[in-house]
Amino acid sequence: MVIRGASGQFLTGFVLYLSMKYSSESQQDLFRLQGVLVRDLFSVEPMSIPCESITVLQGPSGCGKTTFLRLLNRMTPVEEGEISYKGRPLKERDPVQLRREVVMLAQRPVLFTERLRDELLAGCLLADRPLPDDGTLKRALKAVNLEKSLTDDPRRFSGGEQQRLALARIALMDASAVLLDEPSAGLDSSTEEVIFSILSQWAASGKTVILATHARDLSSLGVVQTRIFRQGVVS
Ligand SMILES: Nc1ncnc2c1ncn2[C@@H]1O[C@H](COP(=O)(O)OP(=O)(O)OP(=O)(O)O)[C@@H](O)[C@H]1O
């Protein structure tokens, strides 16, 4: 009786340990970085990026923020160290599928078409998702505070409007993580605030947001973890 009880307790403890380990690696942390070193540019202290969080990358121009973002969707290969995504090595992931889940928004939004409707659908086509109807597209525009007709030409939009269009396009893709390279660069502070509060809503609704920014006021982003590039080390 005693022996069975003891072994039962051990087994329960062991299973509990395994399930905690599994859940901490695959559910709570979307990315884990260990021993990552990029050329002579920077090294990364061991870090994790939790699911449904906002991580802000800060540092002077040229320190490697864009390069860091590109590591996370395999646009830049990891040469030293290891990055895991959802508990599995990133290098084992199919890059095309990975970039449907971990979507990157470049510093200047790339426009593919001459009609707002097609522009919004372009993300879904890339992500191989069913195409939403006009009602869904209009709701996505409303969520980013963009009052435009679906037949408008996005090439005539202002920089801030194009940036919000790019956010709506990403929202429709239903990505698990979004990498943003200075999403408010060159925009006024009220547009920056709108963009940051959209990112905050994304994190609250289940997306993981990682952005490089020079912005000083991060209050409209809500709770963030900040990673600073200093003297070749990201900590
Ligand atoms: N593919 C590449 N091969 C070699 N060097 C590169 C490559 N891409 C960028 N670099 C260099 O790596 C350094 C870091 O560039 P990166 O764009 O990551 O910096 P950043 O912190 O995002 O800068 P900024 O704030 O100005 O956008 C720069 O010196 C850049 O010239």
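Residues numbered from 1 in each chain as written. Predicted model: local features only at pLDDT ≥ 70, side-chain atom pairs only at ≥ 80, totals over all residues.

(A) Representation of the confidence of the model for the protein within the structure. In this model, the protein carries an average pLDDT of 88, and 89% of its residues clear a pLDDT of 70 or more. Taken together, the stretch residues 1-26 has pLDDT below 50 and engages in 5 contacts with residues farther than four places along the chain or on a different chain. Complex prediction metrics read pTM 0.86 and ipTM 0.93. (pLDDT = per-residue confidence, 0-100. Contact = placed C-beta atoms within 7 Å.)

(B) The arrangement of the nonpolar core in detail. Judged by nonpolar contacts, the single largest core of 54 residues is most densely connected at Ala-168, Val-178, Leu-179 and Leu-199. Not counting residues within four places of it along the chain, the set of residues in contact with Val-178 comprises Val-103, Leu-105, Ile-170, Trp-202, Lys-207 and Val-209. (Core = buried A, V, L, I, M, F, W, Y, C linked by C-beta atoms within 7 Å. Buried ≥ 20, exposed ≤ 12 C-beta atoms within 10 Å, placed from the backbone.)

(C) Just the site of the ligand, in detail. The ligand sits among Leu-41, Gly-59, Ser-61, Gly-62, Cys-63, Gly-64, Lys-65, Thr-66, Thr-67 and Ala-212. Looking at the shell around the ligand residue by residue, the class counts come to 3 nonpolar, 6 polar and 1 charged. (Near = placed C-beta within 6 Å. Nonpolar A, V, L, I, M, F, W, Y, C, P; charged D, E, K, R; others polar.)

(D) Expanded view of unusual backbone geometry. Positive phi outside glycine occurs at Glu-52, with the angle close to 55°. Turning to its location among the elements, Glu-52 is positioned in the loop between strand E3 (47-50) and strand E4 (54-58). (Helix = DSSP H or I, 4+ residues; strand = E, 2+ residues; numbered from the N terminus.)

(E) Local environment of the pairing of strand E5 (residues 80-85). Here strand E1 (residues 29-38) runs beside E5; their pairing, made up of 5 bridges, is antiparallel. Paired with Gln-34 across the two strands is Glu-82, which belongs to E5. Relative to strand E6 (residues 88-89), E5 runs antiparallel, the two sharing 2 bridges. Bridge pairing links Ser-84 to Pro-89 in E6. (Pairing = 2+ DSSP bridges.)

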